[in-house]
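Here's the letter readout for the chains.
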Amino acid sequence: MNTGNDGRFGPFGGRYIPETLMPAVKKLEVAYRDALGDPEFAAELHLLLADYAGRPTPLYFASRLSEEVGARVWLKREDLLHTGAHKINNTIGQALLARRMGKKRVIAETGAGQHGVATATVAAKFGMDCVVYMGEEDVARQQLNVFRMELLGAKVVPVSSGSRTLKDATNEAIRDWVTNVDDTFYIIGSVVGPHPYPSMVRDFHTVIGEEVREQMRDLGEDDPALLVACVGGGSNAIGFFHTWIDKGPRLLGVEAAGCGVETDAHAATLTAGTPGVLHGARSLLLQDDDGQVQLAHSISAGLDYPGVGPEHAWLLETGRAQYVAITDAQAVAAFQRLSEIEGIIPALESAHAIAQLYVLAEKGELRVDDRVVVCLSGRGDKDVASMAAYLESRES
Amino acid sequence: MSRIENALRASTRRPLVMPFVTAGYPEIAATADLVRAMVGAGADMIEIGMPFSDPLADGPTIQAASEVALGNGMTIAGVLDIVRDLRAGPSLDAVPILLMGYCNPLFRYGLDRFALNAAAAGVDGLIVPDLPPEEAGEYREACAAAGLSTVFLMAPNTPDDRVRAVDAASTHFSYCVSVTGVTGARGSLAASTVEFLERVAGLAEKPFVVGFGVKSAEQVRVLGPHAAGIVVGSALIDAMRQSSDPTSAVAELVSELSEAARERGLREVD
């Protein structure tokens with residue numbers, strides 16, 4: 001692991017935050033650097049990732065999916081982790097840091113609820129108070145996760161401002177942090193926010209890519225030719241890609257095109273955004289001509305965000321990674337298809353990455369001997385109710 | 001001498017009263033009248049908020065006002081039009097006008113272009129709460145070139161070395177946030193606010209105003225001796241919301257605060 005930089009990814013990143021938070025992010029940066037140099041921290045993190053979260057996750061060769069899309073496709077099974085998604089890699093790391101810094105209260109923002117659940121889980125484990133901010137619209141469409149968080153002892157605060165989704169939940173979490181900065185640790189759920197969060201959250205997720213490399217070697221395979229991952233804020237994608245950031249496989253991030261990138265109801269920030277500042281970092285952003293942040297839309301609550309991690313903006317600008325977008329309808333079809341042919345119900349977020357395989361296949365961009373790894377970032381249990389409603393409304 | 005320097009000169013005799021209004025709230029046409037009423041009621045400087053979709057340093061009152069203003073169609077260019085109109089009338093000649101806004105709309109507009117257009121419209125200075133000195137290089141250059149005063153913020157948890165850095169980055173004066181928190185009227189000020197202001201006084205070379213959570217004449221009396229000026233925002237918006245005649249409600253509160261600021265004994269030189 002490394003912090004990698006001074007918080008800048010080319011022109012992106014930085015710390016665009018109220019003065020009240022500057023001492024807090026600076027202390028966090030020092031504490032994080034200090035923890036990185038501490039073998040005990042690394043050992044405890046490793047042990048918890050193994051025994052508590054369930055790492056390493058399997059690298060599964062999806063034979064029927066491979067046959068359908070005409071390539072050799074492996075799924076990195078982050079969906080099998082404790083709490084059902086990759087998010088816990090990061091919350092364990094940040095909770096250990098919070099404890100190290102003597103913080104007794106943690107807060108988080110959540111969209112789909114996966115990061116909220118992962119935060120509530122580690123807060124329960126470490127005996128910390130936990131408050132999770134969640135947009136009202138997301139509270140309504142992710143009832144199961146709200147209940148899980150409450151069961152884990154967290155307080156879920158519905159946020160009714162703005163679009164009532166992840167963006168506004170993040171604003172509210174930042175306001176809480178500004179107000180309670182002395183005793184509170186803000187566990188950000190993606191590679192967004194002011195430095196050091198984008199680097200730190202990435203580092204906690206690089207275990208995904210590191211395991212894939214080892215697992216491919218154990219299988220006697222060469223490195224993959226193509227990596228595919230969904231991108232909302234971009235944490236699973238960056239953790240997956242980072243092992244090969246300097247060279248190697250083609251890196252493909254898949255955003256949410258919602259009703260279509262040509263409409264105003266999508267969340268394809270890298271595909272259609274412009275440079276701007278949101279939640280403490282300069283990155284790409286969905287905004288109008290006056291610099292007001294626009295509402296994002298995706299059927300997937302976890303991708304429904306008008307910003308994106310600054311490192312992704314940089315990977316796009318440098319050309320190291322490519323980003324494409326998948327519509328709600330395409331994601332739903334992939335959600336159903338993977339369930340039917342592999343017996344794996346993916347999170348709607350991850351279904352966007354699966355859908356992209358079908359697009360590549362249709363365009364003739366896959367060859368039968370191509371080694372493709374898809375990060376299956378989460379499981380779809382949380383989406384079953386909203387999928388049923390979606391399918392019903394489409395039929396009527 | 002600039003309007004701001006003139007006003008700060010008066011602050012050696014009494015604390016300045018600096019009311020805040022969100023441009024476009026409750027209606028676009030109301031903002032200029034509200035500002036004139038505030039000046040008529042004794043305001044020494046005016047702070048006009050440029051509404052933003054994601055005002056993360058603001059509490060519920062200013063968030064709600066910003067949402068209404070954006071819903072009314074308020075834009076950055078529209079804010080500059082309001083200032084231009086205000087400067088065209090006679091009563092505001094000497095009163096500094098500062099704009100408060102988040103950095104994204106300014107970046108989008110273009111910092112150089114914004115600074116030039118704002119100065120040409122009659123704006124004297126800018127307050128950007130999500131732009132700490134470390135990120136403010138281009139912004140400070142653009143403001144300096146246009147002759148705009150930059151006002152940086154400090155908070156009770158700002159360490160001494162940063163207080164000095166913020167003081168150095170501010171052109172004429174800084175803005176002390178009275179509490180670690182967001183904007184919004186509070187029942188009482190933290191006892192430590194005065195301590196904080198005294199600490200800043202011992203470190204800063206330039207004057208500073210204090211704001212966030214100030215709402216009453218009594219608080220003006222408490223803070224007045226320790227700062228060059230006092231900013232009142234959410235309390236004015238609350239007063240507007242609770243009244244059928246927002247302009248009179250605002251004038252009344254500003255007048256109360258302004259009278260309190262003119263009471264003898266708030267400055268040692270008295």
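I will try to describe carefully the structure that is included in this document. (Residues numbered from 1 in each chain as written. Chains lettered and ligands numbered in written order. Predicted model: local features only at pLDDT ≥ 70, side-chain atom pairs only at ≥ 80, totals over all residues. Heavy atoms only, no water.)

1. Brief notes about the overall build of chain A
Here is the rule we go by: To qualify as a helix, a DSSP run of H or I must reach at least 4 residues; to qualify as a strand, a run of E must reach at least 2; elements of each kind are numbered from the N terminus. Partly exposed describes any residue whose relative accessible area lies between the buried limit of under 20% and the exposed limit of over 50%, with all areas from a 1.4 Å probe on protein chains only and scaled to the type maximum. The contact definition used throughout considers only heavy atoms, calling two residues in contact when any of these lie within 4.5 Å.
Each helix and strand in chain A was counted, giving 16 helices and 14 strands. Reported as C-alpha extents along the three principal axes, the dimensions of chain A are approximately 55 × 50 × 40 Å. Looking at chain A residue by residue over its 396 residues, the buried ones come to 65%. Taking contacts inside chain A between residues at least 6 apart in sequence as the whole, the part at least 24 apart equals 75%.

2. Examining helix H12 (residues 246–261) of chain B
All names here are of chain B. Rule in force here: Residue count minus one, scaled by 1.5 Å, sets the expected span of a helix. Starting at the helix axis, one direction is taken to each C-beta atom, and the arc is that of these directions.
Counted at 1.5 Å a residue, the expected span for H12 with its 16 residues is 22 Å, and the 23 Å between its end C-alpha atoms agrees. Three or more residues of H12 are buried, namely Ala249, Val250, Leu253, Val254, Leu257, Ser258, Ala260 and Ala261. The arc that holds the buried residues of H12, viewed along the axis, is 160°, so those residues lie on one side. Exposed residues lying more than 90 degrees from the buried face of H12 are Glu252 and Glu259. Residues of H12 that are buried make contact with strand E1 (16–22), helix H2 (30–40), helix H10 (217–223), strand E9 (229–232) and helix H11 (234–241).

3. Remarks on the packing of helix H14 (residues 328–342) of chain A against helix H15 (residues 348–362) of chain A
To characterise two packed helices, one gives the angle between the axes of the helices and the distance between these axes. Residue and element names in this part refer to chain A. Rules: Geometry is summarised by axes, namely lines fitted to C-alpha atoms with helices restricted to the contacting stretch, and by angles between N-to-C directions that run from 0 to 180 degrees. In this scheme, roughly parallel covers angles under 35 degrees and roughly antiparallel covers those over 145, while 65 to 115 is roughly perpendicular and the rest are oblique. When residues are sorted by character, Ala, Val, Leu, Ile, Met, Phe, Trp, Tyr, Cys and Pro go into the nonpolar class, Asp, Glu, Lys and Arg into the charged class, and all the rest, Gly among them, into the polar class.
Their axes nearest at 7 Å, the elements H14 and H15 cross at an angle of 90°. Between H14 and H15, the crossing angle belongs to the class labelled roughly perpendicular. Counted together, Gln330, Ala331, Val332, Ala334, Phe335, Arg337, Leu338 and Ile341 of H14 and Leu348, Ala351, His352, Ile354, Ala355, Tyr358 and Val359 of H15 form the full contact between these two elements. When the residues that make up the contact of H14 with H15 are grouped by side-chain class, the tally is 12 nonpolar, two polar and one charged.

4. As for the interface of chain B and chain A
What counts is decided by this rule: In this description, buried area is defined as the sum, over both parts, of the accessible area (probe of 1.4 Å) that is lost when the two are combined. A side-chain nitrogen of Lys or Arg and a carboxyl oxygen of Asp or Glu constitute a salt bridge if their distance falls within 4 Å. The term polar contact refers here to a pair of N or O atoms within 3.5 Å; inside protein, the definition further demands a hydrogen-donor-capable atom paired with an acceptor-capable atom, and it admits residues adjacent in sequence only when both atoms are side-chain atoms.
Listed as interface residues are 37 residues of chain B and, on the opposing side, 35 residues of chain A. For the pairing of chain B and chain A, the buried interface totals around 2,800 Å² over both sides, and the portion due to carbon and sulfur atoms is 48%. Of all residues in chain B, the largest losses of buried area upon contact with chain A belong to Leu56, Arg108 and Glu135 of chain B, amounting jointly to 25% of the total for that side. Between chain B and chain A we count five salt bridges in total. In this structure, Lys167 of chain A and Asp54 of chain B form a salt bridge, with 2.8 Å as the shortest nitrogen-oxygen distance. Linking chain B with chain A are 21 residue pairs in polar contact (both at pLDDT 80 or more). Going through the elements one at a time, helix H3 (60–71), helix H5 (103–109), strand E6 (153–154) and helix H8 (160–169) of chain B are the ones with two or more residues in the side of chain B that touches chain A. If one sorts the elements of the side of chain B that touches chain A by residue count, H5 of chain B sits on top with five residues. Taken together, the residues that form the side of chain B that touches chain A break down as 21 nonpolar, eight polar and eight charged.

5. Digging into the sheet that holds strand E4 (residues 125–127) of chain B
Residue and element names in this part refer to chain B. Applied cut-off: At least two bridges found by DSSP between two strands are what make those strands a pair.
In space, the nine strands of this open sheet follow the order E5-E4-E3-E2-E1-E9-E8-E7-E6, with parallel pairing throughout. Only two strands of the sheet have a single partner each, and these edge strands are strand E5 (149–151) and E6. Sheet analysis places strand E2 (residues 46–49) next to strand E3 (residues 97–100), joined by four bridges and oriented parallel. Note that in E3 the partner of Ile46 across the bridge is Ile97.

6. Regarding empty space enclosed by the protein
What counts is decided by this rule: Only protein atoms enter the 1 Å grid used here, on which a cavity is any set of points holding a 1.4 Å probe that cannot leave and a pocket is any open set flanked by protein within 12 Å on both sides along at least five of seven lines; residues with an atom within 4 Å of a point are listed as lining. Grid points are joined across faces, edges and corners, and a volume is the space filled by probe spheres set on the points.
Evaluation of the coordinates by the stated rule reveals eight cavities of 30 Å³ or more. Estimated volume of the largest cavity: approximately 380 Å³. In this structure, the largest cavity is lined by 32 residues; those nearest its centre are His86, Lys87, Gly189, Gly302 and Glu349 of chain A. Among the residues forming the lining of the largest cavity, the class breakdown is nine nonpolar, 18 polar and five charged. The space that makes up the second largest cavity amounts to roughly 200 Å³. Considering the residues around the second largest cavity, the lining is formed by 22 residues, among which Glu47, Ile62, Tyr175, Thr183 and Phe212 of chain B are closest to the centre. Among the elements of the structure, E9 and H11 of chain B are those that each provide at least two residues to the lining of the second largest cavity. Looking at side-chain class alone, the lining of the second largest cavity contains 15 nonpolar, five polar and two charged residues.

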